[in-house]
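# Breakdown of the fold
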Amino acid sequence: GDEGAARLAGVVTNCRGLSRLELGSNGIGNEGMQQLAGVLGACEMLTTVDLANNSISSGGAGWLAETLSRCHSLVHLDLGSNLIGDEGGLRLAAALVRSRALSLLDLRNNRLGEVGVRRLGGAFWRCAPLTFLDLRGNRPIGVGKFEKRKGYVVARGAP
């Protein structure tokens, strides 16, 4: 949970060679995300962060969004099955355009509505490194570059 994430954040700051952080299904909420986000940017070798199946809502997504521009090696971020919602989606979308390395973002089942899905989709096309955005399980819109038959998985070069 949040207390464990706060303790882990204290340890992670000393792990310069950390490349993967697997924290899925740990009950992490906004407080824990705030603590972790504060140190993720210092992990120069961090390429993969799994925060799926936690309790991260818009506040936690906001903390993470502020950190994304400092995570120069992060290529895979899994936030699937959280509670991010449109507000958190908007904050992440704004951060994506500043991302230097992120190539895969999983936002499945995050209670994103049409506004969040559209904004994230627009950010996808403005974030050059991002090649795969998974928005399945959120509100379908079925227009433009998002098509129902693709299940809201957006990938560059997809047919």
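### Some details on the nonpolar core
Judged by nonpolar contacts, the single largest core of 41 residues is most densely connected at Leu 51, Leu 77, Leu 79, Leu 92, Leu 107 and Leu 120. At the level of elements, helix H1 (2–12), helix H2 (30–40), helix H3 (58–68), helix H4 (85–96) and helix H5 (114–126) are the ones that each hand at least two residues to this core. The greatest single-element share of this core, amounting to five residues, is contributed by H2. Apart from the residues lying within four places of it in its own chain, the contact partners of Leu 107 are Leu 79, Gly 80, Ile 84, Leu 92, Leu 112, Leu 120, Leu 133, Asp 134, Leu 135, Arg 136 and Asn 138.

### Describing the side chain of Asn 82
Relative to the helices and strands, Asn 82 resides in the loop between strand S3 (76–78) and H4. Here the side chain of Asn 82 touches Leu 51 through a polar contact of 2.9 Å, landing on its backbone oxygen. Here the side chain of Asn 82 touches Leu 79 through a polar contact of 3.0 Å, landing on its backbone oxygen. Contact partners of Asn 82, with chain neighbours within four places excluded, come to Leu 51, Ala 52, Asn 53, Asn 54, Ser 55, Ile 56, Asn 109 and Asn 110.

### Considerations on the packing of H1 against H2
Relative orientation of the contacting elements H1 and H2 amounts to 5°, with a least axis distance of 7 Å. In terms of their interaxial angle, H1 and H2 are classed as roughly parallel. Judged by residue contacts, Asp 2, Ala 5, Ala 6, Leu 8, Ala 9 and Val 12 of H1 engage Asn 30, Glu 31, Gly 32, Gln 35, Leu 36 and Val 39 from H2. In terms of residue class, the contact of H1 with H2 is made up of seven nonpolar, three polar and two charged.

### Considerations on the packing of aromatic side chains
Considering all chains together, one arrives at one aromatic pair under this definition. Between Phe 124 and Trp 125, the ring centres sit 4.6 Å apart and the planes meet at 90°, which makes this aromatic pair edge-to-face. Judged by relative accessible area, Phe 124 falls into the buried class, the value being 0%.

### Re the side chain of Ser 58
Examined against the element boundaries, Ser 58 turns out to sit in helix H3. You can call Ser 58 buried: its relative accessible area is 19%. Excluding its chain neighbours within four sequence positions, the residues that come into contact with Ser 58 are Leu 83, Ile 84, Glu 87, Gly 88 and Arg 91.

### Thoughts on the environment of Gly 59
For Gly 59, the location among the structural elements is in helix H3. Along the primary structure Gly 59 and Ile 84 are separated by 25 residues, whereas in three dimensions their C-alpha atoms are 8.0 Å apart. When near neighbours in sequence (up to four residues on either side) are disregarded, Gly 59 contacts Asn 30 and Arg 91.

### Remarks on the confidence of the model for the protein
Averaged over all residues, the pLDDT of the protein equals 88, while 87% of them reach at least 70. In this model, residues 142–151 is a region of pLDDT below 50 whose contacts with residues beyond four sequence positions or in other chains number 15 contacts.

### Some words on the pattern of salt bridges
Under the defined criterion, the tally for this structure stands at seven salt bridges. Notably, a salt bridge pairs Arg 7 with Glu 3, separated by 2.2 Å at the nearest N-O pair. With Arg 7 and Glu 3 both in helix H1 and four residues apart, this pair spans about one turn of that helix. This pair shows no difference in class: Arg 7 is exposed, exactly as Glu 3 is. Note that Arg 20 is salt-bridged to Glu 22, the shortest N-O span being 2.4 Å. Take Glu 22: its relative accessible area is 43%, and that puts it in the partly exposed class. Taken together, the shared-partner salt bridges connect Asp 106, Arg 108, Asp 134 and Arg 136 into one network.

Definitions and limits used
Residues numbered from 1 in each chain as written. Predicted model: local features only at pLDDT ≥ 70, side-chain atom pairs only at ≥ 80, totals over all residues. Heavy atoms only, no water. Core = buried A, V, L, I, M, F, W, Y, C linked by side-chain atoms within 4.5 Å. Buried < 20%, exposed > 50% of the residue type's maximum accessible area, 1.4 Å probe, protein only. Helix = DSSP H or I, 4+ residues; strand = E, 2+ residues; numbered from the N terminus. Contact = heavy atoms within 4.5 Å. Polar contact = N/O pair within 3.5 Å; in protein donor to acceptor, adjacent residues only side chain to side chain. Axes fitted to C-alpha atoms, helices over the stretch in contact; angles between N-to-C directions. Parallel < 35°, antiparallel > 145°, perpendicular 65-115°, else oblique. Nonpolar A, V, L, I, M, F, W, Y, C, P; charged D, E, K, R; others polar. Phe/Tyr/Trp six-rings, centres within 6.5 Å; stacked < 30°, edge-to-face > 60°. pLDDT = per-residue confidence, 0-100. Salt bridge = Lys/Arg side-chain N within 4 Å of Asp/Glu carboxyl O.

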